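# Descriptive structure summary
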Amino acid sequence: VKPIGLGARNSLRLEAGLVTRRWKGMSYVMYGFNGQTAGPLLSVEKDAQVVVAFTNALDQPTTVHWHGLRLDNQFDGVPDLTQSPVPPGGHFTYHLRFPDAGIYWYHPHVREDVQQDLGLYGNLLVRSPRADYYSPAHREEILLLDDVLVGNDGLVPWGKEAATHAFMGRFGNLFLVNGEPNWRTTVRRGEVVRFFLTNVSNTRTLNLSFGNGARMKVVGGDVGNLEREEWVQSVVIAPAERYVVHVRFDAPGQAALVNRVRGLDHLFGRFFQEEDTLGIVRVGTTPAAPN
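Here's a quick rundown of the structure. All values reported here derive from a predicted model rather than from experimental measurement. Positions within a chain are numbered from 1, following the residues in the order the chain's sequence is written. Reporting of local features is limited, given that this is a predicted model, to residues whose pLDDT is at least 70; pairs of side-chain atoms are given and counted only at 80 or more, and all residues count toward the totals for whole chains, interfaces and linings. Heavy atoms from the whole structure form the basis of all side-chain values; hydrogens and water molecules are not counted.

Further remarks concern the nonpolar core. To qualify as a nonpolar core, a set must consist of buried Ala, Val, Leu, Ile, Met, Phe, Trp, Tyr and Cys residues joined through side-chain atoms within 4.5 Å. Categorising residues by exposure relies on relative accessible area from a 1.4 Å probe, with only protein chains included: less than 20% of the type maximum marks a residue as buried, more than 50% marks it as exposed, and the intermediate range marks it as partly exposed. Trp66 and Phe98 are the most contacted members of the largest nonpolar core, which totals 38 residues. Contributions of two or more residues to this core are made by β2 (9-23), β3 (26-33), β4 (41-45), β5 (49-56), β7 (91-97), β8 (102-107), β9 (122-127) and β13 (174-177). Considering every element that reaches this core, the biggest residue donor is β2, with five residues. Among residues more than four places away in sequence, those in contact with Phe98 are Val44, Glu45, Lys46, Asp47, Ala48, Val50, Leu69, Leu124 and Val126. Counting 25 residues, the second-largest nonpolar core is a separate cluster that includes Val177, Val218, Val235 and Ile237. Secondary structure elements are defined from DSSP: runs of H or I of at least 4 residues count as helices, runs of E of at least 2 residues count as strands, and each element is numbered from the N terminus. Note on contacts: a residue pair is in contact if any heavy atoms of the two residues lie within 4.5 Å.

Below you can see the structure in the form of C-alpha coordinates.
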(Lines give C-alpha, C1' and ligand atoms only; values in the text may rest on other atoms or scores of the structure.)
Protein backbone atom coordinates (compact mmCIF):
# COMPACT_ATOMS: atom_id res chain seq x y z
CA VAL A 1 0.00 0.00 0.00
CA LYS A 2 1.55 3.29 -1.11
CA PRO A 3 1.06 6.02 1.52
CA ILE A 4 0.18 9.58 0.55
CA GLY A 5 0.98 12.11 3.26
CA LEU A 6 -1.27 15.16 3.24
CA GLY A 7 -0.71 18.37 5.13
CA ALA A 8 -3.20 20.53 6.99
CA ARG A 9 -4.63 21.78 3.66
CA ASN A 10 -3.95 19.84 0.50
CA SER A 11 -5.46 18.30 -2.60
CA LEU A 12 -5.42 14.83 -4.08
CA ARG A 13 -6.33 13.25 -7.41
CA LEU A 14 -8.07 9.90 -7.04
CA GLU A 15 -9.11 7.69 -9.95
CA ALA A 16 -11.11 4.45 -9.96
CA GLY A 17 -10.05 2.26 -12.89
CA LEU A 18 -8.92 -1.15 -14.09
CA VAL A 19 -5.82 -2.92 -12.75
CA THR A 20 -4.24 -6.26 -13.61
CA ARG A 21 -3.27 -8.63 -10.80
CA ARG A 22 -1.34 -11.89 -11.04
CA TRP A 23 -1.78 -14.60 -8.43
CA LYS A 24 -0.49 -18.17 -8.62
CA GLY A 25 0.28 -17.93 -12.30
CA MET A 26 -3.08 -16.47 -13.37
CA SER A 27 -3.89 -12.90 -14.42
CA TYR A 28 -6.98 -11.11 -13.13
CA VAL A 29 -8.54 -7.87 -14.32
CA MET A 30 -9.75 -6.04 -11.22
CA TYR A 31 -10.50 -2.53 -9.99
CA GLY A 32 -8.25 -0.17 -8.10
CA PHE A 33 -7.75 3.41 -6.96
CA ASN A 34 -4.83 5.16 -8.66
CA GLY A 35 -3.78 1.91 -10.33
CA GLN A 36 -3.37 -0.12 -7.17
CA THR A 37 -5.29 -2.62 -5.04
CA ALA A 38 -5.56 -1.80 -2.16
CA GLY A 39 -5.88 1.93 -2.80
CA PRO A 40 -3.35 4.45 -1.48
CA LEU A 41 -3.18 5.05 2.25
CA LEU A 42 -4.18 8.66 2.91
CA SER A 43 -2.34 9.92 5.99
CA VAL A 44 -3.52 13.25 7.41
CA GLU A 45 -3.28 15.27 10.59
CA LYS A 46 -6.32 15.81 12.78
CA ASP A 47 -8.38 18.87 11.70
CA ALA A 48 -6.89 18.83 8.20
CA GLN A 49 -9.02 19.84 5.22
CA VAL A 50 -8.45 18.04 1.93
CA VAL A 51 -9.94 18.43 -1.55
CA VAL A 52 -10.20 15.15 -3.51
CA ALA A 53 -10.63 15.46 -7.29
CA PHE A 54 -12.20 12.11 -8.18
CA THR A 55 -12.37 10.60 -11.69
CA ASN A 56 -14.41 7.53 -12.62
CA ALA A 57 -12.50 5.50 -15.25
CA LEU A 58 -14.73 2.44 -14.80
CA ASP A 59 -17.40 1.26 -17.24
CA GLN A 60 -20.14 1.74 -14.63
CA PRO A 61 -21.23 4.51 -12.24
CA THR A 62 -19.58 4.75 -8.84
CA THR A 63 -19.01 6.99 -5.81
CA VAL A 64 -16.51 7.25 -2.96
CA HIS A 65 -17.86 6.87 0.57
CA TRP A 66 -15.53 8.06 3.34
CA HIS A 67 -16.41 5.46 5.95
CA GLY A 68 -16.57 6.75 9.52
CA LEU A 69 -15.59 10.38 8.87
CA ARG A 70 -17.66 13.24 10.20
CA LEU A 71 -18.02 15.46 7.14
CA ASP A 72 -20.54 17.51 5.19
CA ASN A 73 -23.40 15.30 4.04
CA GLN A 74 -23.06 16.24 0.35
CA PHE A 75 -19.62 14.62 0.24
CA ASP A 76 -20.55 11.35 1.98
CA GLY A 77 -20.70 9.38 -1.29
CA VAL A 78 -24.05 7.60 -0.93
CA PRO A 79 -25.64 7.52 -4.42
CA ASP A 80 -29.03 9.21 -4.86
CA LEU A 81 -29.05 10.15 -1.18
CA THR A 82 -26.11 12.50 -0.68
CA GLN A 83 -24.89 12.75 -4.29
CA SER A 84 -25.66 11.51 -7.79
CA PRO A 85 -23.55 8.55 -8.97
CA VAL A 86 -20.47 9.60 -10.91
CA PRO A 87 -20.96 8.26 -14.49
CA PRO A 88 -18.20 6.54 -16.49
CA GLY A 89 -15.70 9.21 -17.46
CA GLY A 90 -17.22 11.64 -14.98
CA HIS A 91 -15.71 13.69 -12.17
CA PHE A 92 -16.68 14.78 -8.67
CA THR A 93 -14.89 16.94 -6.11
CA TYR A 94 -15.02 15.88 -2.47
CA HIS A 95 -14.22 18.32 0.34
CA LEU A 96 -13.09 16.36 3.38
CA ARG A 97 -12.36 17.36 6.94
CA PHE A 98 -10.87 15.20 9.65
CA PRO A 99 -12.07 16.26 13.12
CA ASP A 100 -11.29 12.93 14.83
CA ALA A 101 -8.08 10.93 15.07
CA GLY A 102 -8.36 7.25 14.17
CA ILE A 103 -8.31 4.76 11.30
CA TYR A 104 -11.00 5.03 8.61
CA TRP A 105 -11.45 3.74 5.06
CA TYR A 106 -12.96 4.66 1.72
CA HIS A 107 -14.91 2.54 -0.77
CA PRO A 108 -17.76 2.80 -3.33
CA HIS A 109 -21.46 2.62 -2.55
CA VAL A 110 -22.59 1.45 -6.00
CA ARG A 111 -22.79 -2.35 -6.44
CA GLU A 112 -20.51 -2.96 -3.49
CA ASP A 113 -20.76 -6.70 -4.15
CA VAL A 114 -18.77 -6.10 -7.37
CA GLN A 115 -16.80 -2.87 -7.03
CA GLN A 116 -15.57 -3.29 -3.47
CA ASP A 117 -14.93 -7.01 -3.97
CA LEU A 118 -12.79 -6.23 -7.02
CA GLY A 119 -10.49 -3.98 -4.98
CA LEU A 120 -11.94 -0.50 -4.61
CA TYR A 121 -10.94 0.24 -1.03
CA GLY A 122 -8.25 2.10 0.89
CA ASN A 123 -7.43 3.40 4.35
CA LEU A 124 -7.48 6.86 5.91
CA LEU A 125 -5.16 7.35 8.88
CA VAL A 126 -5.91 10.49 10.91
CA ARG A 127 -3.12 11.25 13.37
CA SER A 128 -3.58 12.96 16.71
CA PRO A 129 -1.29 15.87 17.64
CA ARG A 130 -0.78 14.16 21.02
CA ALA A 131 2.47 12.19 21.17
CA ASP A 132 0.97 9.90 23.84
CA TYR A 133 -2.30 9.23 21.97
CA TYR A 134 -1.35 5.54 21.83
CA SER A 135 1.02 3.81 24.22
CA PRO A 136 4.55 3.21 22.84
CA ALA A 137 5.29 0.89 19.92
CA HIS A 138 8.39 0.40 17.80
CA ARG A 139 6.57 0.80 14.47
CA GLU A 140 3.24 0.55 12.67
CA GLU A 141 1.68 -1.78 10.10
CA ILE A 142 -1.60 -0.98 8.34
CA LEU A 143 -3.49 -4.07 7.14
CA LEU A 144 -6.59 -4.21 4.93
CA LEU A 145 -8.13 -7.69 5.20
CA ASP A 146 -10.19 -9.12 2.37
CA ASP A 147 -11.29 -12.33 0.62
CA VAL A 148 -12.28 -13.06 -2.99
CA LEU A 149 -14.02 -16.03 -4.56
CA VAL A 150 -11.82 -17.73 -7.16
CA GLY A 151 -12.73 -20.74 -9.33
CA ASN A 152 -10.74 -22.90 -11.74
CA ASP A 153 -11.17 -20.30 -14.50
CA GLY A 154 -10.48 -17.24 -12.37
CA LEU A 155 -12.76 -14.93 -10.42
CA VAL A 156 -16.28 -16.33 -10.05
CA PRO A 157 -18.58 -13.94 -12.00
CA TRP A 158 -20.96 -11.49 -10.40
CA GLY A 159 -24.41 -10.79 -11.77
CA LYS A 160 -24.40 -7.91 -14.24
CA GLU A 161 -27.96 -6.70 -13.66
CA ALA A 162 -28.44 -8.04 -10.12
CA ALA A 163 -26.33 -9.63 -7.41
CA THR A 164 -25.81 -13.39 -7.66
CA HIS A 165 -25.32 -13.62 -3.89
CA ALA A 166 -26.50 -11.42 -1.04
CA PHE A 167 -26.17 -7.78 -2.11
CA MET A 168 -23.53 -7.09 0.52
CA GLY A 169 -21.32 -9.80 -0.97
CA ARG A 170 -20.19 -13.39 -0.64
CA PHE A 171 -17.59 -15.46 1.15
CA GLY A 172 -14.28 -15.82 -0.70
CA ASN A 173 -11.76 -18.65 -0.72
CA LEU A 174 -8.63 -16.55 -1.27
CA PHE A 175 -7.58 -14.31 1.62
CA LEU A 176 -5.84 -11.02 0.86
CA VAL A 177 -3.86 -8.66 3.07
CA ASN A 178 -3.28 -5.26 1.45
CA GLY A 179 -4.44 -6.82 -1.81
CA GLU A 180 -1.90 -9.68 -1.70
CA PRO A 181 -2.41 -13.39 -0.88
CA ASN A 182 1.01 -13.92 0.77
CA TRP A 183 1.56 -11.04 3.17
CA ARG A 184 4.90 -11.15 4.99
CA THR A 185 6.81 -8.87 7.33
CA THR A 186 9.92 -9.14 9.52
CA VAL A 187 10.34 -7.92 13.11
CA ARG A 188 13.01 -8.06 15.79
CA ARG A 189 12.72 -10.17 18.93
CA GLY A 190 10.66 -8.29 21.51
CA GLU A 191 9.44 -5.73 19.00
CA VAL A 192 6.03 -4.16 19.63
CA VAL A 193 4.11 -3.47 16.43
CA ARG A 194 1.02 -1.28 16.25
CA PHE A 195 -1.35 -2.91 13.74
CA PHE A 196 -4.22 -0.92 12.23
CA LEU A 197 -6.68 -3.61 11.12
CA THR A 198 -9.55 -2.96 8.69
CA ASN A 199 -11.95 -5.67 7.50
CA VAL A 200 -12.88 -4.72 3.92
CA SER A 201 -14.44 -8.09 3.02
CA ASN A 202 -18.08 -7.90 1.97
CA THR A 203 -19.52 -10.38 4.42
CA ARG A 204 -16.86 -12.35 6.36
CA THR A 205 -16.34 -11.73 10.08
CA LEU A 206 -12.76 -12.51 11.12
CA ASN A 207 -11.39 -13.82 14.41
CA LEU A 208 -7.72 -12.79 14.28
CA SER A 209 -4.73 -13.81 16.36
CA PHE A 210 -0.97 -14.18 16.00
CA GLY A 211 0.83 -17.46 16.63
CA ASN A 212 4.14 -18.38 18.26
CA GLY A 213 3.13 -16.92 21.61
CA ALA A 214 2.83 -13.33 20.39
CA ARG A 215 0.94 -11.23 22.95
CA MET A 216 -1.78 -8.84 21.79
CA LYS A 217 -3.77 -6.04 23.35
CA VAL A 218 -6.50 -3.84 21.90
CA VAL A 219 -5.68 -0.13 22.18
CA GLY A 220 -8.13 1.50 19.75
CA GLY A 221 -11.15 1.01 17.57
CA ASP A 222 -13.19 2.56 14.76
CA VAL A 223 -12.87 6.16 15.92
CA GLY A 224 -9.73 6.37 18.01
CA ASN A 225 -8.02 5.08 21.11
CA LEU A 226 -9.80 3.32 23.95
CA GLU A 227 -10.10 4.57 27.51
CA ARG A 228 -8.55 1.34 28.80
CA GLU A 229 -6.29 -1.07 26.91
CA GLU A 230 -7.19 -4.76 27.13
CA TRP A 231 -5.11 -7.92 26.75
CA VAL A 232 -6.87 -10.34 24.39
CA GLN A 233 -6.36 -13.77 22.84
CA SER A 234 -7.95 -12.68 19.55
CA VAL A 235 -9.86 -9.85 17.90
CA VAL A 236 -13.27 -10.39 16.28
CA ILE A 237 -13.67 -7.87 13.48
CA ALA A 238 -16.81 -7.64 11.34
CA PRO A 239 -17.00 -6.17 7.81
CA ALA A 240 -16.14 -2.43 7.78
CA GLU A 241 -14.85 -2.48 11.37
CA ARG A 242 -11.40 -1.29 12.40
CA TYR A 243 -9.27 -2.14 15.41
CA VAL A 244 -5.87 -0.94 16.59
CA VAL A 245 -3.84 -3.61 18.38
CA HIS A 246 -0.34 -3.76 19.84
CA VAL A 247 1.47 -7.08 19.38
CA ARG A 248 4.74 -8.04 21.04
CA PHE A 249 6.78 -10.75 19.33
CA ASP A 250 8.96 -12.33 22.01
CA ALA A 251 9.90 -15.68 20.43
CA PRO A 252 12.14 -15.99 17.33
CA GLY A 253 10.63 -17.93 14.45
CA GLN A 254 7.39 -17.51 12.50
CA ALA A 255 4.20 -16.03 13.94
CA ALA A 256 1.24 -16.65 11.64
CA LEU A 257 -1.62 -14.17 11.33
CA VAL A 258 -4.56 -16.56 11.63
CA ASN A 259 -8.33 -16.40 11.21
CA ARG A 260 -9.72 -19.08 13.53
CA VAL A 261 -13.50 -19.63 13.57
CA ARG A 262 -16.02 -22.36 14.36
CA GLY A 263 -18.20 -23.47 11.47
CA LEU A 264 -21.54 -25.28 11.52
CA ASP A 265 -22.29 -28.43 9.54
CA HIS A 266 -26.02 -27.97 8.91
CA LEU A 267 -26.47 -31.48 7.50
CA PHE A 268 -25.20 -33.31 10.59
CA GLY A 269 -25.82 -30.53 13.13
CA ARG A 270 -22.27 -30.30 14.45
CA PHE A 271 -19.60 -27.65 14.83
CA PHE A 272 -16.11 -27.86 13.35
CA GLN A 273 -12.98 -25.75 13.62
CA GLU A 274 -11.74 -23.79 10.60
CA GLU A 275 -8.36 -22.05 10.47
CA ASP A 276 -6.86 -19.92 7.69
CA THR A 277 -3.43 -18.30 7.58
CA LEU A 278 -3.56 -14.75 6.22
CA GLY A 279 0.15 -13.97 6.50
CA ILE A 280 3.44 -14.59 8.29
CA VAL A 281 5.53 -12.46 10.67
CA ARG A 282 9.17 -13.56 10.74
CA VAL A 283 10.69 -12.84 14.15
CA GLY A 284 14.48 -12.46 14.19
CA THR A 285 16.95 -13.10 17.01
CA THR A 286 18.25 -9.52 17.28
CA PRO A 287 16.52 -7.78 20.22
CA ALA A 288 14.42 -4.70 19.65
CA ALA A 289 15.57 -1.42 21.15
CA PRO A 290 14.46 0.19 23.33
CA ASN A 291 12.98 -2.66 25.34
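After that view of the structure, there is still more to cover.
Okay, the packing of aromatic side chains next. Aromatic pairs are defined between Phe, Tyr and Trp rings, using the six-membered ring for Trp, whenever the two ring centres lie within 6.5 Å; interplanar angles under 30 degrees are classed as stacked, those over 60 as edge-to-face, and all others as tilted. Scanning the entire structure with this criterion turns up twelve aromatic pairs. Centre to centre, the rings of Phe33 and Tyr106 are 5.2 Å apart; their planes meet at 55°, and the pair counts as tilted. Of this pair, Phe33 sits in strand β3 while Tyr106 sits in strand β8; the two residues are 73 residues apart in sequence, bridging distant segments of the chain. By relative accessible area, Phe33 is classed as buried at 1%.

Moving on to the pattern of salt bridges. Any Lys or Arg side-chain nitrogen found within 4 Å of a carboxyl oxygen on Asp or Glu counts as a salt bridge. Counted under the stated rule, the structure contains 20 salt bridges. One salt bridge connects Arg194 with Glu140, and the closest N-O pair in it is separated by 2.8 Å. Taken together, the residues span a long stretch of sequence, with Arg194 in strand β15 (residues 191-199) and Glu140 in strand β10 (residues 139-148) at a distance of 54 residues. For Arg194, a relative accessible area of 9% translates into the label buried. Its relative accessible area of 28% is what places Glu140 among the partly exposed residues. Across the pair Arg228 and Glu230 runs a salt bridge, and its minimum N-O distance is 3.8 Å.

By themselves, these are just geometric observations and shouldn't be taken as functional.
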